[in-house]
Amino acid sequence: MKRSVIVLLALGLLTACQEEVQIAKPDPTALTPESAGFYCQMTVLEHTGPKAQIHLTGNPFPFWFTQVRDAVAFKHNPEEPKNIAAIYVNDMDKAASWDDPGSENWIDADVAWFVIGSTQVGGMGAPEAIPFGTETGANAFAEENGGSVLRFADIPADYVLAPVELSSASQLSTDNDTVGVKQ
């Protein structure tokens, strides 16, 4: 008994003396023609709408997503790795257009504002979680295209994990001239 108490005290002291190591958050990576979607393995640049990248600790290469909803699904999926160091999404406030969301206008998903449930579908034809750097930009988009404005942590798991019938999603508006981003 006495030996167990000494071991526990020694372990407690060792733990208390160790410095907490902070791992630096990796910077976003510029999108290139070689970037392939994590789930679909298709070239990310061949799809319209906002993209996402997830960085895992210990992995120098990001996982790319052709739609932001897929990155949100990755985060919610219990079968995917949880050692996420950073999630970046296109800032659609700074996008040239829906067809050209940008290759370097990344924003941390935790500080972005998202529109879900709008009439605008993502690059793979499914409902999208559309990121904006400002709440004003997100609200303006939602005013024009419908949907709700919320933060990344508030996007419901069922919005990204529930089955989607692409035939009904493809009937939604995909007019690239009226998506609410800068042309």
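Residues numbered from 1 in each chain as written. Predicted model: local features only at pLDDT ≥ 70, side-chain atom pairs only at ≥ 80, totals over all residues. Heavy atoms only, no water.

Caption draft 1: Seen up close, the pairing of strand β1 (residues 52–56). Counting buried positions along β1 gives five out of five residues, so the element sits mostly inside the fold. Residues of β1 alternate between two faces, with A52, I54 and L56 on one and Q53 and H55 on the opposite face, all of them buried. Taking the residues that link successive antiparallel strands as the turn, the β1-strand β2 (residues 63–65) hairpin has six residues, and the phi of G58 there is positive, at about 80°. Inspection of the sheet shows β1 paired to strand β3 (residues 84–90) by five bridges, in the antiparallel sense. Its bridge partner lying in β3, Q53 is registered against Y88. (Buried < 20%, exposed > 50% of the residue type's maximum accessible area, 1.4 Å probe, protein only. Helix = DSSP H or I, 4+ residues; strand = E, 2+ residues; numbered from the N terminus. Pairing = 2+ DSSP bridges.)

Caption draft 2: Spatial organisation of the pattern of salt bridges. Scanning the entire structure with this criterion turns up one salt bridge. Where K25 meets D108, a salt bridge forms, and the shortest distance between an N and an O atom there is 2.3 Å. Separated by 83 residues along the polypeptide, K25 in the loop between α1 (2–17) and β1 and D108 in strand β4 (residues 106–108) bring together distant segments of the chain. (Salt bridge = Lys/Arg side-chain N within 4 Å of Asp/Glu carboxyl O.)

Caption draft 3: Examining the sheet that holds strand β7 (residues 148–151) more closely. Strand order in the open sheet made by the three strands is β6-β5-β7, with antiparallel pairing throughout. Only two strands of the sheet have a single neighbouring strand rather than two, namely β6 (130–132) and β7. Taken over all neighbouring pairs, the strand axes of this sheet differ in orientation by 35° on average, direction set aside. Sheet analysis places strand β5 (residues 113–116) next to β6, joined by three bridges and oriented antiparallel. Residue F114 lies in a different strand from β6, and its bridge partner there is P131. (Axes fitted to C-alpha atoms, helices over the stretch in contact; angles between N-to-C directions.)

Caption draft 4: Looking closely at the packing of aromatic side chains. Evaluation of the coordinates by the stated rule reveals ten aromatic pairs. In this structure an aromatic cluster arises from ring pairing among F38, Y39, F63, F65 and F74. Just above the ring of Y159 sits the side chain of R69; from NZ or CZ to the centre is 5.6 Å. (Phe/Tyr/Trp six-rings, centres within 6.5 Å; stacked < 30°, edge-to-face > 60°. Lys NZ or Arg CZ within 6 Å of the ring centre and 35° of its normal.)

Caption draft 5: Looking closely at unusual backbone geometry. A positive phi is found at Q41, a non-glycine position, where the angle reads about 60°. Along the polypeptide, Q41 turns up in the loop between α1 and β1.

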